Amino acid sequence: MTTLVITTFSEDGYHLYGKRMVDTWCRHWPQDYTLRLYVEHNLVIDDSRVEVINLHDCSPSLVEFKNNSYSAAENTKDKKKRNKILKTVKWCHKVYAMEHALKSNYDHVIFLDGDTYTKTTVPAGQLESLVGPNLFAVHFEHLQGMPHYETGLIVFNKKHSQMSDLLENITSAYNTGEIFKLPKSWDGFWIAELHKRRNYQVLDLAGGRRSGVFTNDKVRGILAHDAGKKKYQGTNYNKYTGKTKKKDKYGVPST
């Protein structure tokens, strides 16, 4: 059994929370696992198990989506609509990173949010065992009265018969712009919606519990998720872009 663990964060996100994620992963995960970081900046990690991939280079569709989105944000005077666009861009990187990683030859792909961290030794195979015969396993929850999936941890079974369908559709709403027509355009809402549309075989790690983070017994003892806006409080980070306020309103360095 082979496992690829992936995450993604911006350069600012790396300094705020990503470095902790990487350091704790290197300390606690099995020696024969690989961690792949999808980033947009130069980053060197002193551990042979860690790969660094430029997300823009490997996903032209992401670049096109971001360029179109920033143009739309620039051309709207509606603050609420603009913030929705910026939040969507902030979290779209996760979906495009998943798309790229799921084309790999590993048996399992485990997605971890960049603001997660590992608390203790991760037994080999423990997280992979959660998915069983399903396409993927994730904590189900409800936010604002709608189904939402806690993307802090998703365990994908690459050998599942529905994997090719997932690969075909996982970024479809972003590539067509449909994502902005949905009531909520966050990645967790989209993956829940995609599950419903495509009738995927998905396991609920929360076991019916609809509040809390990483409530599964095999998860909460080893992983933690610093989810939400709290991590931005008292910092110079923009809660909508996740990037420092010294940059312009779209998180792009000022020239």
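These figures come from a predicted structure and were not determined experimentally.

A. How the structure looks around the overall build of the protein. When helices and strands are tallied, the protein shows nine helices and nine strands. Nonlocal contacts in the protein, meaning residues at least 24 apart in sequence, comprise 71% of its contacts between residues at least 6 apart. Taken as a whole, the protein presents about 12000 Å² of accessible surface, with 47% of it coming from carbon and sulfur.

B. Summary view of the sheet that holds strand E6 (residues 136–143). Across the sheet, which stays open at both edges, the seven strands sit in the order E3-E2-E1-E4-E7-E6-E8 with mixed pairing between neighbours. Two strands in the sheet have a free side with no partner beyond their single neighbour: strand E3 (50–54) and strand E8 (202–204). Each strand axis lies, on average, 30 degrees off the axis of its neighbour in the sheet, ignoring direction. Both E6 and E8 contribute to a ladder of three bridges, which runs parallel.

C. Broad picture of unusual backbone geometry. For Gln 144, which is not a glycine, the phi torsion comes out positive at approximately 50 degrees. Secondary-structure assignment places Gln 144 in the loop between E6 and strand E7 (146–157).

D. Quick peek at the environment of Ser 61. Looking at the element boundaries, Ser 61 is found in helix H3 (residues 60–74). Note on Ser 61: relative accessible area 32%, which makes it partly exposed. C-alpha separation for the pair Ser 61 and Tyr 96, spaced 35 residues apart in sequence, amounts to 8.2 Å. What Ser 61 contacts, discounting residues up to four positions off in sequence, is Tyr 96 and Asn 175.

E. Summary view of the pairing of strand E2 (residues 34–39). The buried fraction of E2 amounts to six of the six residues, a majority that puts the element mostly inside the structure. Pairing analysis gives five bridges linking strand E1 (residues 3–8) to E2, with the strands arranged parallel. Residue Val 5 lies in a different strand from E2, and its bridge partner there is Leu 35. The pairing of E2 with E3 spans five bridges and is classified as parallel. Bridge pairing links Arg 36 to Glu 51 in E3.

F. Examining the nonpolar core more closely. With 41 residues, the main nonpolar core has Phe 136, Phe 156 and Leu 166 as its most contacted residues. Ranked by residue count, the leading element in this core is helix H4 (residues 79–101), at nine residues. The residues contacting Phe 156, other than those within four sequence positions of it, are Met 98, Leu 102, Asp 107, His 108, Val 109, Phe 111, Leu 135, Phe 136, Met 163 and Leu 166. Formed by 30 residues, the second largest nonpolar core is a distinct cluster that contains Tyr 17, Met 21, Cys 26 and Trp 29.

G. Up close: the pattern of salt bridges. Evaluation of the coordinates by the stated rule reveals 13 salt bridges. The salt bridge partner of Arg 20 is Asp 226, with a shortest N-O separation of 3.4 Å. With a gap of 206 residues between them, Arg 20 in helix H1 (residues 11–28) and Asp 226 in the segment after strand E9 (223–225) connect regions that are remote in the sequence. Note that Asp 165 is salt-bridged to Arg 198, the shortest N-O span being 2.7 Å. One end of the pair, Asp 165, is in helix H6 (residues 163–169); the other, Arg 198, is in helix H8 (residues 187–198), and 33 residues separate them in sequence. Several salt bridges share partner residues, and in doing so they unite Glu 178, Glu 193, Lys 196 and Arg 197 into one network.

H. Summary view of the packing of H3 against H4. At their nearest, the axes of H3 and H4 sit 9 Å apart, and the two run at 175 degrees to each other. In this view, H3 runs roughly antiparallel relative to H4, as classed from their interaxial angle. For the pair H3 and H4, the contacting residues are Ser 61, Leu 62, Phe 65, Lys 66, Ser 69, Tyr 70, Ala 72 and Ala 73 in the first and Arg 82, Ile 85, Leu 86, Thr 88, Val 89, Cys 92, His 93 and Tyr 96 in the second. The residue inventory of the contact of H3 with H4, partitioned by class, reads 10 nonpolar, four polar and two charged.

Conventions adopted
- Residues numbered from 1 in each chain as written.
- Predicted model: local features only at pLDDT ≥ 70, side-chain atom pairs only at ≥ 80, totals over all residues.
- Heavy atoms only, no water.
- Helix = DSSP H or I, 4+ residues; strand = E, 2+ residues; numbered from the N terminus.
- Contact = heavy atoms within 4.5 Å.
- Areas by Shrake-Rupley, 256 points an atom, 1.4 Å probe, with all protein chains shown as cover.
- Pairing = 2+ DSSP bridges.
- Axes fitted to C-alpha atoms, helices over the stretch in contact; angles between N-to-C directions.
- Buried < 20%, exposed > 50% of the residue type's maximum accessible area, 1.4 Å probe, protein only.
- Core = buried A, V, L, I, M, F, W, Y, C linked by side-chain atoms within 4.5 Å.
- Salt bridge = Lys/Arg side-chain N within 4 Å of Asp/Glu carboxyl O.
- Parallel < 35°, antiparallel > 145°, perpendicular 65-115°, else oblique.
- Nonpolar A, V, L, I, M, F, W, Y, C, P; charged D, E, K, R; others polar.

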